Amino acid sequence: MRKALADKAVDSNPTVTINPSAWYDLFACAKACPVEVGGYGYATVTDGRVHVNTVHPYKQVATGTSVEVDASDVVKVHEAAVAAGTYDSLRVSWHSHVDFPTFFSTTDTDYITSVGASGAPWLLSIVVNRVGDYLARLDVWAPVHLWALCELVPADPERDAAAAKAVAKCVQ
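Residues numbered from 1 in each chain as written. Predicted model: local features only at pLDDT ≥ 70, side-chain atom pairs only at ≥ 80, totals over all residues. Heavy atoms only, no water.

Participant: Before we move on, can you summarise unusual backbone geometry with the specific residues and values?
Facilitator: Across the junction of Ala142 and Pro143, the peptide omega takes the value 5°, indicating a cis bond. The residue Asp47 is not glycine, and still its phi comes out positive at about 50°. Mapping Asp47 onto the fold places it in the loop between strand 3 (38-46) and strand 4 (49-57). With phi around 50°, Val98 is a residue other than glycine that occupies positive phi space. As for its position among the elements, Val98 is in the loop between strand 7 (90-96) and helix 3 (106-117). Residue class for Val98 comes out buried when judged on its relative accessible area of 7%. (Helix = DSSP H or I, 4+ residues; strand = E, 2+ residues; numbered from the N terminus. Buried < 20%, exposed > 50% of the residue type's maximum accessible area, 1.4 Å probe, protein only.)

And the structure:
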């Protein structure tokens, strides 16, 4: 088991882009569920920046203050990601706090620590609520454990590139 050399919060807050449909899905899941709900997501790193592509709920038993994820569903998700060649992108963990403020509880930070101990290179954790608040945290474990709170910015790189091409053709 790998042990981090240091646990350090980074002073600057990196910006993480998120596909607009994933942004919508996070809050739609939170609004649709009268109790906590949690899930996973896929993200990629391009040019040193994290981009969240999709988010999905796990099968789970939930209350107003906790989520018990169905372990067999987690296995299915991981096996499907390995089979599809997308396991390296399975790097987002999210859950809601219903109508409560967004924060990372001891349970959340213990889970984040366990992901790092499993050998994962990085993890983006997101907490949302039904009001529309969020808190995002990026943890990186190699070569040392560093983490930072992040700003999430809806962005669609493909649409942005297409818009840039369209504007370049139209604007002289």
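Participant: Summarise the side chain of His95; cite the residues concerned and give the values.
Facilitator: One can find His95 in strand 7. A polar side-chain atom of His95 sits 3.4 Å from a polar atom in the side chain of Asp108. Dropping the residues within four chain positions of it, His95 is found in contact with Glu36, Val37, Gly38, Asp108, Ile126, Val127 and Val128. (Polar contact = N/O pair within 3.5 Å; in protein donor to acceptor, adjacent residues only side chain to side chain. Contact = heavy atoms within 4.5 Å.)

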